[in-house]
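For reference, the chains in residue letters:
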Amino acid sequence: ESDAGDYTCVCGDKQSTASLAVHALPVLFKEELKNEEVLEGASVSLRCELTKAAPVQWKIGSKVLKASDKYQIRQPGTTAELVIHDLEVKDA
């Protein structure tokens, strides 16, 4: 999208100008989340991969999760990862 704009070709005292519009492709899941079964007290890593880097939001039901001692949120490049520490039955 940052390449959008007006481009001009100049030859001597003549010129030709064109406007370039760049439409963003939608972000898709290249690799989706996988179901996990983990023992109480352990940690789990939930990971998905996107087709391009974009902000993500992690939720359990309708509750938005925020980074804390329990929830570690990482997003290196196109991979989004949620690590849940000290799992309890109610985390299912």
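Residues numbered from 1 in each chain as written. Predicted model: local features only at pLDDT ≥ 70, side-chain atom pairs only at ≥ 80, totals over all residues. Heavy atoms only, no water.

Trainee: Just to check I follow, could you spell out the pattern of salt bridges for this structure?
Mentor: A side chain with one charge may pair with a side chain of the opposite charge, provided their charged atoms come close. All chains considered together, the criterion is met by seven salt bridges. A salt bridge links K70 to E88, with the nearest nitrogen and oxygen atoms 3.9 Å apart. Of the two residues, K70 sits in the loop between β6 (63-64) and β7 (71-74) while E88 sits in the segment after β8 (79-84), which places them 18 residues apart along the sequence. E81 is the partner of R74 in a salt bridge, and the nearest nitrogen-oxygen pair spans 3.1 Å. Each member of the salt-bridge network shares a partner with another, and the members are K70, E88, K90 and D91. (Salt bridge = Lys/Arg side-chain N within 4 Å of Asp/Glu carboxyl O. Helix = DSSP H or I, 4+ residues; strand = E, 2+ residues; numbered from the N terminus.)

Trainee: Where do I start with unusual backbone geometry in this structure?
Mentor: Excluding glycine, a negative phi dihedral is what most residues carry, and trans is how most peptide bonds are arranged. Notably, D86 is not glycine yet its phi reads approximately 50°, a positive angle. Of note, D86 is situated in the segment after β8.

Trainee: What am I meant to see in the sheet that holds β8 here?
Mentor: Hydrogen bonds along the backbone pair up the strands of a sheet, which may run parallel or antiparallel. Spatial ordering of the open sheet is given by β3-β4-β8-β7, a layout of four strands whose pairing is antiparallel. Each edge of the sheet is formed by a strand with only one pairing partner; in this case those strands are β3 (29-31) and β7. In this sheet, neighbouring strand axes are inclined to one another by 25° on average, regardless of whether the strands run parallel or antiparallel. Note: strand β4 (residues 44-50) against β8, six bridges, orientation antiparallel. Bridged to V44 within β8 is I84. (Pairing = 2+ DSSP bridges. Axes fitted to C-alpha atoms, helices over the stretch in contact; angles between N-to-C directions.)

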